[in-house]
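Reading the structure
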Amino acid sequence: MSGTRRRGHAPAGRGAARRTGSGGTGGTGGTGTGGRGTGGTRLTRRGKILAWGAGVTALVVLGIGGVGAWIYQDLNDNISAADVDDKLGGDRPENLSPGSKNIMLVGSDSRDGANAKYGKDLTTMQSDTLMVLHIPADRKWAAVVSFPRDSYVQIPACQMGDGKTSSPHKGKINEAFAIGGISGEVAEAAACSIKTVEAHTGLRIDHFMSIDFSGFKGMVDALDGIEVCPEQPIKSDKAKLNMRAGCQTVDGETALGYVRVRYGVGDNSDIGRIGRQQEFMDALAGKAQKKLTSPDALYGFMQAATKSLTADPDLAGIKQLYGLADELKGIPSDRLSFLTVPNYPREADVPTDKANVVWQYPQATDLFTALARDKETTKAELKADVEDLLYASQVRVQVLNGTGIGGRAAAVADKLRLAGYTVAGTGNAPASVAKTTVTAPPGMERQAAAIASRLPGVKTTTDPAAAAGVVTLTVGPELKTGDVA
């Protein structure tokens, strides 16, 4: 997965989740702090686990050293490889911290075969879970960042696997996986998700793993089920789920519905589902560590796990996964953070949109920039940073053209309107400028930071002589319309 992007800035993304918040830390698996929790569920075990995909990785290698050579090869052959290098293009972010790794983790929800009954009218692969595991160069901490599937983002042009290329457009972030996977090929699906994540975070994705939910059922059954403790009954025809309240051991079929269910539990949010999935993986890891002492259980579990796994060629093998797990094993549990991209309902900016969420700026950009530069961010730090919520629609901005090229201010203003900002006006700057600037009067520093975070490499200045009540964005010659997030 090679190629470099010309700029090293971690650009702001678009899209989001139902409410502001961050995930848990120290292996707790929590997510979302917007006041409605994780759907009213709790689990009886919590263990050291690195999230959906990374958790499977760690579990896959639990018993490798004790299996025979023929079993090792059998399991190794189960893992599928998908090369995405030639599908990503050359305009990619640089790795600003050599030695660090970003691994994209996708929970694939294909509706083929055994999964067909879980959805209707779906003709391509779906992505119910999207995360990035960041491993710093010093291997002393790690972070798992969840991207709510309802995040409303710009999806770039992607190869669709049938000789066609999709058109750039706005949509939910999980649509990228479906667009690329329209022909059923994981490589195209993963490549489109990688392009989307890179464009909105500035993080260079070094590897990916896709875990199909059908294999997940086999892993749960190999462990004789997992205990969960919903505080309220859960009934969902869509997820094929009917659970009583209280602790109970669920089999693979029920577990799949439990981690997929959104409506009919808690606040019906995607944020709640993220928390439930992270917590379930904690419980799965805890049960596996105790149960996989039995050769039969170990073999059945690893068969299901490896058959459900597709990765880039550098990770698609038992030896490669063992090496990754070896890198992670020294990270203490209190240095492992589960985070969710800061967000709020897009309805706050666009009243008619009740289905999507948008990321909170500049907090989202600050998070991505910190990770790109290997700066540890904890749940507590992220929570403190997002408590003072600022909607895009609350930011008034005037856009001035300082390039001397007609139409530049109007084009940039259109992009900002689409992102939810209130454009107070456009016009020409008093004189041409060498570089884009963002200026605000005293007291509007937060609003200025929100605008600047959507523009690569642009800093803010405070000027008492600036126009009152608005942020002034003066477009310079280096700012391209496509750079506006």
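In every chain, residue numbers begin from 1 and rise along the written sequence. Local features are withheld for residues below a pLDDT of 70 in this predicted model, meaning they are given only at 70 or higher, and side-chain atom pairs are given and counted only at 80 or more; totals for whole chains, interfaces and linings count all residues. Side-chain measures were taken over the full set of non-hydrogen atoms in the model, leaving aside hydrogen atoms and water.

**Description of the confidence of the model for the chain**
Atomic detail in the predicted coordinates should be set aside for any region of low pLDDT. Residue-level confidence of the predictor is what pLDDT reports, using numbers from 0 through 100. Overall, the prediction assigns the chain a mean pLDDT of 80, with 80% of residues at 70 or greater. Across residues 2–58, where pLDDT falls below 50, the model places 268 contacts with residues more than four positions away in sequence or in other chains. A low-confidence stretch, residues 111–123 stays under pLDDT 50, and its non-local contacts, those more than four residues away or across chains, total 22 contacts. Between two residues, a contact is recorded if the distance between any of their heavy atoms is within 4.5 Å.

**Quick notes on the pattern of salt bridges**
What makes a salt bridge here is a side-chain nitrogen of Lys or Arg within 4 Å of a carboxyl oxygen of Asp or Glu, nothing more. Counted according to the given criterion, the structure contains eleven salt bridges. K217 is the salt-bridge partner of E253, the closest N and O atoms lying 3.5 Å from each other. Taken together, the residues span a long stretch of sequence, with E253 in helix 6 (residues 252–260) and K217 in helix 5 (residues 213–222) at a distance of 36 residues. Using a 1.4 Å probe on the protein chains alone, a residue whose accessible area is under 20% of its type maximum counts as buried, one over 50% counts as exposed, and one in between counts as partly exposed. On the basis of relative accessible area, E253 is assigned to the partly exposed category, the value being 31%. A single network of salt bridges, built from pairs that share partners, joins K101, R139 and E327. Each helix corresponds to a stretch of at least 4 residues labelled H or I by DSSP, and each strand to a stretch of at least 2 residues labelled E; elements are numbered beginning at the N terminus.

**Let's talk about the state of the cysteines**
The term disulfide is used for any two cysteine sulfur atoms that are within 2.5 Å. Across all of its chains, the model carries two disulfides by this definition. Each sulfur of the disulfide joining C158 and C192 lies 2.1 Å from the other. Because the torsion about its S-S bond is 80°, the bridge between C158 and C192 counts as right-handed. Highlighted residues: C158 in the loop between strand 6 (152–155) and strand 7 (169–172) and C192 in helix 4 (residues 186–201), separated in sequence by 34 residues. Among the residues examined, C158 registers a relative accessible area of 2% and is labelled buried. Paired through a disulfide, C229 and C247 show a sulfur-sulfur distance of 2.0 Å. Judged by the sign of its S-S torsion, about 105°, the cystine formed by C229 and C247 is right-handed. With C229 in strand 9 (residues 226–230) and C247 in the loop between strand 11 (241–243) and strand 12 (248–250), this pair connects stretches of sequence that are 18 residues apart. Assessed through its relative accessible area of 33%, C247 is described here as partly exposed. Across the chain, the way the bonded cysteines pair up, counted in sequence order, is 1-2, 3-4.

**Considering unusual backbone geometry**
Peptide bonds are trans in most cases, and residues, glycine excluded, mostly fall at negative phi. Going from Y361 to P362, the amide bond is cis rather than trans, its omega being 10°. Following the sequence through the fold, P362 ends up in the loop between strand 16 (357–359) and helix 10 (363–372). The phi torsion at R139 lies on the positive side, around 60°, for a residue other than glycine. Topologically, R139 is positioned in the loop between strand 4 (127–135) and strand 5 (142–146). For D374, which is not glycine, the phi dihedral falls at a positive 60°. Checked against the element boundaries, D374 lands in the loop between helix 10 and helix 11 (379–386).

**A look at the sheet that holds strand 5**
When DSSP finds two or more bridges between two strands, those strands count as paired. Taken in spatial order, the seven strands line up as 2-13-8-3-4-5-14 in an open sheet, and their pairing is mixed. Either end of the sheet is taken by a strand with one partner, and the two such strands are strand 2 (80–81) and strand 14 (336–340). Relative to strand 13 (residues 309–311), strand 2 is paired through two bridges, and the arrangement is parallel. Bridging across to strand 13, A81 finds its partner in A311.

**As for helix 6**
Most of helix 6 sits out of view: seven of its nine residues are buried. Taken as a whole, helix 6 has its buried residues at G252, A255, L256, G257, Y258, V259 and R260.

**A few points about the environment of N95**
Within the secondary structure layout, N95 lies in the loop between strand 2 and strand 3 (101–108). Given the relative accessible area of 29%, N95 is considered partly exposed. The spacing of N95 and I205 is 110 residues in sequence and 8.8 Å in space, taken between C-alpha atoms. Here N95 is in contact with S100, R204 and D206, once residues within four sequence places are set aside. Between N or O atoms, a polar contact is any pair within 3.5 Å; within protein, one atom must be a potential hydrogen donor and the other a potential acceptor, and residues adjacent in sequence are included only when both atoms are from side chains. Here the side chain of N95 touches S97 through a polar contact of 2.9 Å, landing on its backbone nitrogen. At a separation of 3.3 Å, a polar atom in the side chain of N95 contacts the side chain of S100.

**Remarks on helix 12 (residues 408–418)**
The complete set of buried residues in helix 12 reads R408, A409, V412, A413 and L416. Viewed end-on, helix 12 has its buried residues packed into an arc of 125°, placing them on one side of the element. In this structure, the buried residues of helix 12 make contact with strand 17 (396–401), strand 18 (422–428) and strand 21 (471–475). By definition, the arc is the one covered by directions from the helix axis to the C-beta atoms.

**Things to note about the pairing of strand 18**
Here strand 17 pairs with strand 18 via six bridges, running parallel. From the neighbouring strand, Q398 faces strand 18, where its bridge partner is G425. Seen with the strands pointing away from the viewer, any crossover whose path from the first strand over the helix to the second strand runs clockwise is right-handed. The parallel pair strand 17 and strand 18, bridged by helix 12, forms a crossover whose chirality is right-handed.

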